[in-house]
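Below are the chains, spelled out letter by letter.
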Amino acid sequence: MAGTITFTIIKPGAVKNEHIGPILDKISDAGFHIAAMKMVQLSRSEARSFYCIHKDKPFFEDLVEFMVSGPIVAAILQKENAVDDFRKLIGNTDPTKAEPGTIRHMFAKSVQANAVHGSDSDENAQKESEYFFAGYEKFFEVKKTSCSEK
Ligand code: UDP
C-alpha cells in the first residue's frame, strides 16, 4: 500500500523569488496537509549528503552550491498516495518538459533551479523526513473512523 507522507524542499531560487506562498497554495489546493515545516540554511555537507546519490554526476558540485545559496523551506506533506501524487503535482525535473499547471512549470527557472524537491519513494520520504524533523515538530492529521467520531 502506498504511504501517506512525502517530503519536500522549496529550493533557494524559489525562496529568493518570493514563491513560497504561491507554492504552498498549490500544495494545499492539491489536498496535502502540511504536517511539518521550517525554513533552514543547509550547510555544504548537508547538501552533499542529501544529494549523495548524484555525487558522481557532472552537475553535482553546481547543485550543492545552488542548494546552499540561500535558505530553503523543508516540509512533510500528508495525503493518501503522497509520493506519487506529489511527483505529479511538481512535474518533470526539467521545467521545459513539465506539464502546464505543475509547480515546476510555473516556478522553475532551470533544471537545477527547479523550484522544489519531492521524494521519489516511500522509503526516501521517511528517511528525508526523519533527517529534517524531530518528533515534536511533526503534526500529522489522524484519520477518524466512524466509531471514534463524536
Ligand atoms: N539536477 C541538475 N542537473 C541535471 C539533473 C538534475 O542540476 O542535469 C538537479 C535538479 O535540481 C534535480 C536534482 O538535481 O531536482 C535531483 O535530480 P533528480 O534526477 O533526482 O530529479 P528530481 O527527483 O528532483 O526530479
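Residues numbered from 1 in each chain as written. Predicted model: local features only at pLDDT ≥ 70, side-chain atom pairs only at ≥ 80, totals over all residues.

The chain has the name Nucleoside diphosphate kinase in an unreviewed UniProt entry, where Salinivirga cyanobacteriivorans is given as its organism. Reading the Cofactor (unreviewed entry) entry of the UniProt record for the chain gives the comment "Mg(2+)". As stated in UniProt under Subunit (unreviewed entry), the record for the chain gives "Homotetramer." (UniProt positions renumbered as here; feature names shortened; annotations may be inferred.)

S.K.: Hey, could you run me through the site of the ligand in this one?
M.R.: Lining the immediate environment of the ligand, one finds His-54, Phe-59, Leu-63, Thr-93, Val-111, Gln-112, Asn-114, His-117 and Asp-120. Class assignment for the residues of the shell around the ligand results in three nonpolar, five polar and one charged. (Near = placed C-beta within 6 Å. Nonpolar A, V, L, I, M, F, W, Y, C, P; charged D, E, K, R; others polar.)

S.K.: Would you mind showing me how to read unusual backbone geometry here?
M.R.: If a residue is not glycine, its phi is most likely negative; likewise, a peptide bond is most likely trans. At Asn-81, a position not held by glycine, the phi torsion is positive, near 55 degrees. Looking at the element boundaries, Asn-81 is found in the loop between β3 (72–78) and α5 (82–90). Positive phi values are uncommon outside glycine, yet Ala-115 reaches one of about 75 degrees. Its place among the elements puts Ala-115 in the loop between α6 (103–107) and β4 (116–118). (Helix = DSSP H or I, 4+ residues; strand = E, 2+ residues; numbered from the N terminus.)

S.K.: Is there a simple way to think about the environment of Phe-133 in this case?
M.R.: Tracing the backbone through its elements, the reader meets Phe-133 in the segment after α7 (122–132). Along the chain, Phe-133 and Ala-74 lie 59 residues apart, while their C-alpha atoms are 9.0 Å from each other.

S.K.: Looking at this structure, I do not really get the UniProt feature "active site" (unreviewed entry) in the chain. What am I missing?
M.R.: Following the UniProt record, the feature "active site" (unreviewed entry) maps to His-117 here. In this structure, His-117 sits in strand β4. Owing to 20 C-beta atoms within 10 Å, His-117 belongs among the buried residues under this scheme. When neighbours within four sequence positions are excluded, His-117 is seen to be in contact with Thr-8, Ile-9 and Lys-11. (Buried ≥ 20, exposed ≤ 12 C-beta atoms within 10 Å, placed from the backbone. Contact = placed C-beta atoms within 7 Å.)

S.K.: Which parts of the structure should I look at to understand the sheet that holds strand β2 (residues 33–40)?
M.R.: Hydrogen bonding along the main chain pairs the strands of a sheet, whether they run parallel or antiparallel. If you trace the four strands from one edge of the open sheet to the other, you get β2-β3-β1-β4, paired in antiparallel fashion. Looking at strand neighbours, the two that pair on one side only are β2 and β4, the edges of this open sheet. The mean inter-strand angle of the sheet, taken between neighbouring strand axes irrespective of direction, is 15 degrees. By the bridge criterion, three bridges tie strand β1 (residues 5–10) to β4 in an arrangement that is antiparallel. Across the sheet, Ile-10 pairs through a bridge with Val-116, a residue of β4. (Pairing = 2+ DSSP bridges. Axes fitted to C-alpha atoms, helices over the stretch in contact; angles between N-to-C directions.)

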